[in-house]
Amino acid sequence: MKRLMRMMTGVLLSAAFVACEKELTVAGSAEGNSVLNVVTRSGESDAKVSYPVTIYVMNGDGQCVRKQTLLSANDQLQLKLQPMTYQLYAVGGATEGDYSLPGQEDATATSEVTLNADAVHGDLMTASNTVTLTDDETTTLTLSMQRRVMHLESLVVKNVPQTVDGVTMTLAPLYDNLLLNGTYSTSTSEQTVTLTQQADGTTWQNSDELFMLPSAGNATITVRFQRGTTIKSYAYSSPVALAANKHIRITGTFTGTDELTLIGAITGATWEGTTTIEFTFDSEGSATTNITDDTGGSSGSGGQSQDGVTEGAAPAVGTVYKECYVNASVDDGDYTVVTLIHKEEEDVSGTGKTEEQILSEINALLPNFDINGITGWRLPTAEEARAFSGGLVNTAFRNAQVSGTDINSDWYYCLDENALRIFVGATGIVQQAQPITSGQHIRPVTTLKFLKE
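For clarity, every value in this text was computed on a predicted model and none was experimentally measured.

How each quantity is defined
- Residues numbered from 1 in each chain as written.
- Predicted model: local features only at pLDDT ≥ 70, side-chain atom pairs only at ≥ 80, totals over all residues.
- Heavy atoms only, no water.
- Helix = DSSP H or I, 4+ residues; strand = E, 2+ residues; numbered from the N terminus.
- Buried < 20%, exposed > 50% of the residue type's maximum accessible area, 1.4 Å probe, protein only.
- Contact = heavy atoms within 4.5 Å.
- Areas by Shrake-Rupley, 256 points an atom, 1.4 Å probe, with all protein chains shown as cover.
- Core = buried A, V, L, I, M, F, W, Y, C linked by side-chain atoms within 4.5 Å.
- Salt bridge = Lys/Arg side-chain N within 4 Å of Asp/Glu carboxyl O.
- Pairing = 2+ DSSP bridges.
- Axes fitted to C-alpha atoms, helices over the stretch in contact; angles between N-to-C directions.
- Arc of directions from axis to C-beta.
- pLDDT = per-residue confidence, 0-100.
- Phe/Tyr/Trp six-rings, centres within 6.5 Å; stacked < 30°, edge-to-face > 60°.
- Lys NZ or Arg CZ within 6 Å of the ring centre and 35° of its normal.
- Polar contact = N/O pair within 3.5 Å; in protein donor to acceptor, adjacent residues only side chain to side chain.

J.: Would you explain the overall build of the protein chain in this entry?
T.: Of regular secondary structure, the protein chain possesses four helices and 30 strands. The 453 residues of the protein chain split such that 47% are buried. Within the protein chain, residue pairs in contact and separated by at least 24 positions form 66% of the contacts whose partners lie at least 6 positions apart. When the accessible area of the protein chain is evaluated, it comes to approximately 21600 Å², of which 49% is carbon and sulfur surface.

Laid out in structure tokens, this is it:
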């Protein structure tokens, strides 16, 4: 009996020694005399932080030595650590029960923040920062939180026939999981939102606002109409991604009978700017009609690399680039964004047609303007129309020996906040009355982004 007790005591002492040895091998895990105060703030202008905020403190070997959660803005975080350099990671908005967070023992910079089954995403934020602590000194570190989800404010389909029993919208491919370091896992999935019929009987809309992780690359938006057991699907392939930290509004208008044709717009309004994507899609396929990026300009996909930047130096205003006239140039940090005017135009009579009919006819023609690898042609905005000077454009094309249609003094179509208007091609004077349906021509524009040299 005594021998057995001695053996058990030896085992317990050995286990305690091993546990102690494991703890001591994790640098920075023991309490020290260096004090670290952690402050969280939003990286956005509204100074909002999503709580709870879970903070991970990693040593130089990437091992987590502390994990602590702040439940509200009233919570204070003060850590006593050993003097060395630490990397801090914070995750905000990952509420208990909705998400599975890594524990302190197995947490790394690339650990996943996983959404639990049947839960929906919240306003997820992350932050990271490096701090070096010296002996017996108090240091304050600020973690600037950045949103990692997009906010779907509204998904709407209008003018849906009464015979339709159900409408859904699917967004894909979306990232599956967020990582502690603010990046995303490589796996992707899709998210389908069921729309609810509204009181007018023809409008279908989501009943709740939603947060989702952004799309992994260019997004595909699929609208499905259900009649009994029959489902018709219509997919639109966006030339840009649906980005995090944006409010997203998607609106589609049904204009057909048996042959379904949708004209829709995605508008992303964010603290960093505004992104607008306009598109059409039907049973024959889909086409982009307008992409406006955060600079307030537009981005065509043709002639660009996958990150949306056109190779080479930005052309100067007033010159001809790939048989297109450079009408405007905007400085955007590391980039230059230029607006191009096409060398050709098309006649589109508005006589006896509704605004929707005119737009449908215009949208069908726009893909035909692709030239020299440049795509994404669209109607100019009212602001862009005011920058038109037919004389300068015509002269530039002639000097460059580029054959095209002269811009004349007749009326051209433009868009003012998605409403159809007209302007004089030679002078850029925009008609400010109610939306006009008596224009005669379309002279499309597009925008390219160049990296500064």
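J.: When you look at the nonpolar core in this model, what are you seeing that I'm missing?
T.: Across soluble globular proteins, you tend to see nonpolar side chains buried next to one another. V157, V167, L171, L195, M212 and F225 are the most contacted members of the largest nonpolar core, which totals 24 residues. Elements that contribute at least two residues to this core include exactly strand 10 (150-158), strand 11 (166-175), strand 16 (210-212), strand 17 (215-227), strand 18 (230-241) and strand 19 (247-254). Those residues within four positions of M212 in sequence are excluded, and the remaining contacts are H121, V149, M150, L152, L171, L174, Q191 and V193. Ranked by size, the runner-up nonpolar core spans 23 residues in total, among them V338, L366, I374 and L420.

J.: What is the right way to read the pattern of salt bridges from this model?
T.: As a working rule, side chains carrying opposite charge can pair if their charged atoms are close by. All told, the structure shown has eight salt bridges when counted by the stated rule. Ionic pairing is found between R378 and E384, a salt bridge with its closest N-O pair at 2.8 Å. R378 gets classed as buried once you look at its relative accessible area, which sits at 1%.

J.: Is there a simple way to explain the sheet that holds strand 23 (residues 320-321) in this structure?
T.: Strands pair in a sheet through their backbones, by hydrogen bonds, and they do so in one of two ways: parallel or antiparallel. A sheet is described by the order of its strands in space; here four strands give the open sequence 23-24-25-30, paired in antiparallel fashion. Taken across any chain shown, the strands that pair with only one partner, and hence form the sheet edges, are strand 23 and strand 30 (445-451). Bridge count for strand 25 (residues 335-341) against strand 30 is seven bridges, and the pairing is antiparallel. Note on strand 30: the bridge partner recorded for Y335 is L451. Sheet strands in contact with helix 4 (residues 390-399) are strand 23, strand 24 (324-332) and strand 25, and its direction is about 115 degrees off that of strand 24.

J.: In this structure, what is going on with helix 4? I would like to understand it.
T.: Residues separated by three or four positions in an α-helix point in the same direction, a consequence of the helix having 3.6 residues per turn. Along helix 4, the residues that are buried comprise G390, V393, N394, A396 and F397. An end-on view of helix 4 places all buried positions within 160 degrees of arc, on one side of the element. Exposed side chains of helix 4 directed beyond 90 degrees from the buried face belong to L392 and N399. Of the surrounding secondary structure, the elements contacted by the buried residues of helix 4 are strand 23, strand 24 and strand 25. In the segment just after helix 4, Q401 is the residue with positive phi, at about 55 degrees.

J.: I'm lost on the confidence of the model for the protein chain in this one. Help?
T.: Caution applies to low-pLDDT regions: their predicted coordinates should not be interpreted in detail. In the predicted model, the protein chain carries a mean pLDDT of 79, and the fraction of residues at 70 or more is 79%. Contacts for the low-pLDDT stretch residues 264-274, under 50 throughout, to residues beyond four places or in other chains number 49 contacts.

J.: Got a minute to help me understand the sheet that holds strand 12 (residues 178-179) in this structure?
T.: Read across the sheet, three strands follow the order 6-7-12 without closing on themselves; strand pairing throughout is antiparallel. Each of the sheet's edge strands pairs with one partner strand only, and the pair in question is strand 6 (99-100) and strand 12. As paired strands, strand 6 and strand 7 (residues 112-115) are joined by two bridges and run antiparallel to one another. Considered in strand 7, the bridge of S100 is made with T114.

J.: Is there a simple way to explain the packing of aromatic side chains in this structure?
T.: Aromatic rings in a pair are described by how distant their centres are and how their planes are angled relative to each other. For the coordinates displayed, the defined rule picks out five aromatic pairs. Note on Y175 and Y184: the rings are 4.6 Å apart at their centroids and 10 degrees apart in plane angle, and the pair reads as stacked. A network of ring pairs unites the aromatic residues F388, Y412 and F423 as a single cluster. A cation sits over an aromatic face here: K449 above Y335, 4.6 Å from the ring centre.

J.: Looking at this structure, how should I read the pairing of strand 11?
T.: In regular strands, side chains alternate between the two faces of the sheet. Along strand 11, eight of the ten residues are buried, which leaves the element largely enclosed by surrounding structure. Where strand 11 and strand 17 come together, eight bridges link them in antiparallel fashion. Bridge pairing links A172 to T220 in strand 17. When strand 11 meets strand 13 (residues 188-194), the two strands line up antiparallel, connected through six bridges. What sits directly across from T170, in strand 13, is T192.

J.: Help me understand unusual backbone geometry in this model?
T.: Across the junction of Y51 and P52, the peptide omega takes the value 0 degrees, indicating a cis bond. Position of P52 relative to the elements: it lies in the loop between strand 1 (34-42) and strand 2 (53-58). Note that the residue after A172, namely P173, is joined by a cis bond; omega there is -10 degrees. One non-glycine residue, D118, lies in positive phi territory at about 70 degrees. Along the chain, D118 falls in the loop between strand 7 and strand 8 (125-132). With relative accessibility at 84%, the residue D118 sits in the exposed group. The phi dihedral of K322 is positive, around 50 degrees, even though this residue is not glycine.

J.: Help me out: how do you make sense of the environment of E323 in this one?
T.: Examined against the element boundaries, E323 turns out to sit in the loop between strand 23 and strand 24. Residue classification places E323 among the partly exposed residues on the basis of a relative accessible area of 29%. Along the primary structure E323 and N372 are separated by 49 residues, whereas in three dimensions their C-alpha atoms are 8.0 Å apart. Ignoring anything within four residues of it in the chain, the contact list for E323 reads K343, I371, N372, F397 and V402. In this structure the side chain of E323 is engaged in a polar contact, spanning 3.0 Å, whose partner is the side chain of K343.

J.: Quick question: what am I supposed to make of helix 2 (residues 355-365) here?
T.: All of the buried residues in helix 2 are E355, I358, L359, I362 and N363. Projected onto a plane normal to the axis of helix 2, the buried residues spread over an arc of 130 degrees and lie on a single side.

J.: Got a minute to help me understand the environment of L124 in this structure?
T.: Following the sequence through the fold, L124 ends up in the loop between strand 7 and strand 8. On the basis of relative accessible area, L124 is assigned to the buried category, the value being 0%. Counting along the chain gives 73 residues from L124 to Y51, while the straight-line C-alpha distance between them is 9.1 Å. Sequence-distant contacts of L124, that is, excluding residues within four places in its chain, are made with G92, G93, A94, Y99, Q146, R147, R148, V149, L178 and L213.

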